[in-house]
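Here's the letter readout for the chains.
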Amino acid sequence: MGDSEKSLLEPADWDAFRKEAHRALDVALDFSRDRAERAVWTPLPEHARTVDEPLPRGGESLQEVVGEVERRVLPHTLGNTHPRFWGWVNGSGTPSGIVSQLLTGAINANLGGRDHSPIYIERQLIRWMCELFDFPLDAGGLICTGTSTATLYGLAVARHRALGAASRQQGNSQSPLVAYCSAQAHVSVSKAVELMGLGSDALRPVPVLDDFSIDCSALADQIAADVEAGLQPFAVISSVGSVNTGAIDDLQQVNAICEQYRCWHHVDGAFGALISLSETLRPRLAGIEKADSLAFDFHKWMHVTYSSACLLVRDREEHLATFATAHSYLRGEQRGVAGGAPWPNDFGIDLSRGFAALGPWMLLREMGSERLGLAIERNCEQAAWLGRTVDEHPQLELLAPVSLNIVCFRYVASGVSEEQLNRLNRHLVVELQCRGIAVPSFTELHGTTAIRVCIANHRTAEADLQALVDAVPLLGEELLRAGGEPDDFAVD
Ligand SMILES: *Cc1c(COP(=O)(O)O)cnc(C)c1O
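Residues numbered from 1 in each chain as written. Predicted model: local features only at pLDDT ≥ 70, side-chain atom pairs only at ≥ 80, totals over all residues. Heavy atoms only, no water.

Here we come to helix 9 (residues 216-228). In this model, helix 9 (13 residues) spans 18 Å end to end at C-alpha, consistent with the 18 Å of a helix rising 1.5 Å per residue. Along helix 9, the residues classified as buried are Cys216, Ala218, Leu219, Ala220, Ile223 and Asp226. Against strand 2 (177-182), strand 3 (203-206), strand 4 (232-239) and helix 10 (251-261) lie the buried residues of helix 9. Its side-chain oxygen placed 3.1 Å from the backbone nitrogen of Ser217, Asp215 serves as the N-cap of helix 9. Positive phi appears at Gly230, one or two residues downstream of helix 9, with a value of about 85°. (Helix = DSSP H or I, 4+ residues; strand = E, 2+ residues; numbered from the N terminus. Expected span 1.5 Å × (residues − 1). Buried < 20%, exposed > 50% of the residue type's maximum accessible area, 1.4 Å probe, protein only. Contact = heavy atoms within 4.5 Å. Polar contact = N/O pair within 3.5 Å; in protein donor to acceptor, adjacent residues only side chain to side chain.)

Now the structure itself:
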C-alpha cells in the first residue's frame, strides 16, 4: 500500500499516539481523583468564555489539543464531580465511567439498528431494568439521551393508544386530548405536551398536598370535570422524586384513577425511580410496576457519564406500533447485517444513536445493584440529617418536609420582611457558589425563596454538609450587615 492510500485520519505512528493517549488518560484520571481539592465552582475567566477563534484550518498535535482542554476546560467545570455540589439534579460520575467512555469511543457503534453485539447490551440493560421495576421482562424499552426525551416518547405511545393507529397519518388536531400532572412536575412534561402539538394548555397542573405530592382527589375531580366538558383525558404523568422537593406521588392511587378513566399512567422517575435499587427505599414506589410507561435517568442518581436514560413501556407492541415503520420493522430478513429486528430505531426516532447503554451496563456489572442502592440510601440519610440540623438551628428554617434527598430551607433573621428574606436567600446562594464554598441552587415554594440542597452525590460526606450549615448563617449576617439596616437591604 502506497503512502497515498493510507488513511488521512489515522495516526502515522501508533507507538507515539499510544503514548499520547496514555498521557491523556492520566490527565483524565488525575482530574477525577483531585477535583475535590479545588473550589466546587468559580466564576469563569474570559479565556474560558472565548468563542471567537477562527475555524482551525491546519491541524496541531493531539498533545497540543489535550493541553488546551487542560487549560481551558478542566479548571472551569460545573463542579458536579465535587463533593459539595448539590445544585439541581446532577450525577457525579464515577472514575470507571472514564473507562466505559474510552471503550465506547473505540467501538463507535451506531445503535440505531442492525445485527451487532452492542444492540444486545442495550437489550440486556433494558431487561435488567424491567426486572428492577417488576415490569414484564419483554416490555418495550429504549435507552434515551434523557428523561425529557423518554417522557416525550412515553406520551407519544399514550397518544397512540388513545387515538389508534390512524393518528400516525391524521395527527391529533381533531382530538381534544388532555393530560394531567402535579403542579410540581418538571418542565419537560409541559415541553413534551407542547411538542406533540397539544399545546401546554392541554396539560392540567393539579394542586399538591402539604408533602408536595399530587392531590389525588383533586386529580380525579379535574378528570371528571374534563370528561363532562367533552374533553378526552388520555394520560396522567406522576412524579417520583419531584424536582423541587423530592416528593413522590401516590402511584397506587394514580393507577386506580387511570384505570377508572382509561388514562395512560406515565411515571417521571428521572432521579427518584432508582431508589428501587435500595431494598429499604423501594417500598415507597409501590405501584410503579403497574404503570404504562416509566422514564428515568442513569446519568443522575446512578452517576453514569452523561448522557444516558431509559424508557420502559409495559406493552411492547404498543410501543412498536407508535414508532416502527414498515420499511424497517417488517423487513422480514433475519440473516445478515440487516437482521435482528425490531431495532432500537423502531422504538423511537433516532436512527443514528450512540452506545449510551454501555456505561450503565458496565457500572451495574462492576458495582452490582446493591452497592448503587446503598449510595442512594446514604444520600437520603444525609438529607434527613441536614433536615434535622436545619430544623434545630435558630437562624435556619426548614421549608418542606425532607422526602428523599432534597432539603429546602432558608436563612432567617428578625426584623427582615418576607420579600427581603427572599432576596437575601437568593443572594446567599449566589455567594455560596461564587466563593466556591458549595453549590446549592434556589427555588420557590409557595412564593418563598428556598435554598435547595439536592444530594445526588456519592462523594458527599457529612462534614461537607456541616460546612454548609456553618457557612449559611455567617454569610447571611455578613450580607445583612453589608446591606445596612434590614429595611434598606437590597441585593439586586
Ligand atoms: C432532570 C429531570 C427531568 C429531565 O431529565 P433529563 O435527563 O435532564 O432530560 C425530568 N424530571 C425530573 C423530575 C428531573 O429531575
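Right, let's talk about the environment of Arg57 for a bit. Checked against the element boundaries, Arg57 lands in the loop between helix 2 (46-49) and helix 3 (62-72). Overall, Arg57 belongs to the exposed group, its relative accessible area being 76%. C-alpha separation for the pair Arg57 and Pro176, spaced 119 residues apart in sequence, amounts to 54 Å.

So, on to the packing of aromatic side chains. Counting across every chain of the model gives seven aromatic pairs. Each ring, one from Trp14 and one from Phe17, has its centre 5.6 Å from the other, and the planes form 80°; the classification is edge-to-face. Remark: Phe17 and Trp14 occur in helix 1 (residues 14-34); sequence separation between them is three residues, near one turn of the helix. Overall, Trp14 belongs to the partly exposed group, its relative accessible area being 45%. With a centroid separation of 6.2 Å and 15° between ring planes, the pair formed by Trp128 and Trp361 is classed as stacked. With Trp128 in helix 5 (residues 117-132) and Trp361 in helix 13 (residues 358-392), the pair connects residues that are 233 residues apart, well separated along the chain. Taking the relative accessible area as the measure of exposure, Trp128 reaches 23% and is therefore partly exposed. Relative accessible area serves as the criterion here: at 18%, Trp361 is assigned to the buried category. Counting every residue linked through ring pairs, the aromatic cluster contains Phe133, Phe296 and Phe298. When the ring centre of Phe135 is taken as reference, the NZ or CZ atom of Arg314 above it lies at 5.0 Å. (Phe/Tyr/Trp six-rings, centres within 6.5 Å; stacked < 30°, edge-to-face > 60°. Lys NZ or Arg CZ within 6 Å of the ring centre and 35° of its normal.)

Burial within strand 6 (residues 293-297) is extensive, with five of its five residues counted as buried. Burial along strand 6 is two-sided: Ser293, Ala295 and Asp297 and Leu294 and Phe296, pointing in opposite directions, are all buried. In this structure, strand 6 lies alongside strand 7 (residues 309-313), joined through five bridges in antiparallel fashion. Note on strand 7: the bridge partner recorded for Leu294 is Leu312. (Pairing = 2+ DSSP bridges.)

Moving on: the sheet that holds strand 5 (residues 264-268). In space, the seven strands of this open sheet follow the order 1-7-6-5-4-2-3, with mixed pairing throughout. What marks the edges here is a single partner per strand, and that holds for strand 1 (140-144) and strand 3. Neighbour-to-neighbour, the strand axes of the sheet open up by a mean angle of 20°, direction not taken into account. By the bridge criterion, four bridges tie strand 2 to strand 3 in an arrangement that is parallel. In the strand pairing of strand 3, Cys181 is matched with Pro205. (Axes fitted to C-alpha atoms, helices over the stretch in contact; angles between N-to-C directions.)

Around the ligand, the surrounding shell holds 13 residues, and the nearest of these are Ser148, Asp268, Asp297, His299 and Lys300. Ser148 is positioned such that a nitrogen or oxygen atom in its side chain is 2.6 Å from an oxygen atom of the ligand. In isolation the ligand offers 380 Å² of accessible surface; the protein chains occlude 86% of this area. Judged by its atoms lying within 2 Å of the grid points, the ligand is housed in the second largest pocket. Split into classes, the residues belonging to the shell around the ligand amount to three nonpolar, seven polar and three charged. (Near = heavy atom within 4 Å. Areas by Shrake-Rupley, 256 points an atom, 1.4 Å probe, with all protein chains shown as cover. 1 Å grid on protein atoms, 1.4 Å probe; cavity = no way out; pocket = protein on both sides within 12 Å on 5 of 7 lines; lining within 4 Å. Sits in = over half its atoms within 2 Å of the grid points. Nonpolar A, V, L, I, M, F, W, Y, C, P; charged D, E, K, R; others polar.)

Note that every value here comes from positions in space, so none of it alone points to a role or purpose.
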